[in-house]
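# Commentary on secondary and tertiary structure
Spelled out, the chains give:
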Amino acid sequence: MATRRQRIISLLEERDYSPSELARLLDLREKGASKAVLEDLKAIQRILKREGKVLLIKPAECRSCGFVFKPEIRIPTKCPRCKSEWIEEPRFKIEKN
């Protein structure tokens, strides 16, 4: 049986996912599941660097005004431009370097 991080890596090698999609696919239902996935992604990013792979990040985006956030491993809560909380989560994918 693969660990949660190994399962995340195999999923991200296939296509891109948001943290909440990964939590759903991994059957994580507890409160803070997306936060746990984000912590795993930070560790995975370090692991991938050693393996010659890279974690690609499509940045979060405000659905209201279109503001694009920095490509980070985190989920913003509010848009700095329009103060909307209608934020599309960042998406992650693994590619070989």
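Everything below is about the structure printed above this text.
## Topic: the overall build of the protein
Regarding its fold elements, the protein presents 3 helices and 4 strands. The N-to-C order of helical and strand elements in the protein reads α-α-α-β-β-β-β. For the protein, the C-alpha radius of gyration of 14 Å lies close to 13 Å, the compact-globule estimate for 97 residues. On the principal axes, the C-alpha backbone points of the protein span a range of 45 × 35 × 20 Å. In the protein, which comprises 97 residues, the proportion classed as buried is 34%.

## Topic: the environment of Leu 41
In this fold, Leu 41 is placed in helix 3 (residues 33–51). The contacts of Leu 41, once residues within four sequence positions are left out, are Ile 8, Leu 12, Leu 55, Ile 73 and Phe 92.

## Some points on helix 1 (residues 4–14)
Three or more residues of helix 1 are buried, namely Ile 8, Ile 9, Leu 11 and Leu 12. Each buried residue of helix 1 lies within a common arc of 165 degrees when the element is viewed along its axis, so the set occupies one face. In this structure, the buried residues of helix 1 make contact with helix 2 (19–25), helix 3, strand 1 (53–58) and strand 4 (91–96).

## A look at the packing of aromatic side chains
One pass over the full model with this rule turns up 1 aromatic pair. Note on Phe 67 and Phe 69: the rings are 5.0 Å apart at their centroids and 90 degrees apart in plane angle, and the pair reads as edge-to-face. On the basis of relative accessible area, Phe 67 is assigned to the partly exposed category, the value being 22%. What makes Phe 69 buried here is its relative accessible area of 11%. When the ring centre of Tyr 17 is taken as origin, the NZ or CZ atom of Arg 15, which lies over that ring, is 4.2 Å away.

## Let's talk about the environment of Thr 3
Looking at where Thr 3 falls in the secondary structure, it is placed in the segment before helix 1. The spatial distance from the C-alpha of Thr 3 to the C-alpha of Ser 20 is 18 Å, given a sequence separation of 17 residues.

## What to know about the pattern of salt bridges
Per the stated rule, a full pass over the model turns up 10 salt bridges. A salt bridge links Arg 91 to Glu 21; the nearest nitrogen and oxygen atoms lie 3.0 Å apart. Of this pair, Arg 91 sits in strand 4 while Glu 21 sits in helix 2; the two residues are 70 residues apart in sequence, bridging distant segments of the chain. One continuous salt-bridge network, built from bridges that share partners, spans Arg 15, Asp 16, Glu 21 and Arg 91.

Procedures and definitions
- Residues numbered from 1 in each chain as written.
- Predicted model: local features only at pLDDT ≥ 70, side-chain atom pairs only at ≥ 80, totals over all residues.
- Heavy atoms only, no water.
- Helix = DSSP H or I, 4+ residues; strand = E, 2+ residues; numbered from the N terminus.
- Rg over C-alpha atoms; globule rule 2.2 N^0.38 Å.
- Buried < 20%, exposed > 50% of the residue type's maximum accessible area, 1.4 Å probe, protein only.
- Contact = heavy atoms within 4.5 Å.
- Arc of directions from axis to C-beta.
- Phe/Tyr/Trp six-rings, centres within 6.5 Å; stacked < 30°, edge-to-face > 60°.
- Lys NZ or Arg CZ within 6 Å of the ring centre and 35° of its normal.
- Salt bridge = Lys/Arg side-chain N within 4 Å of Asp/Glu carboxyl O.

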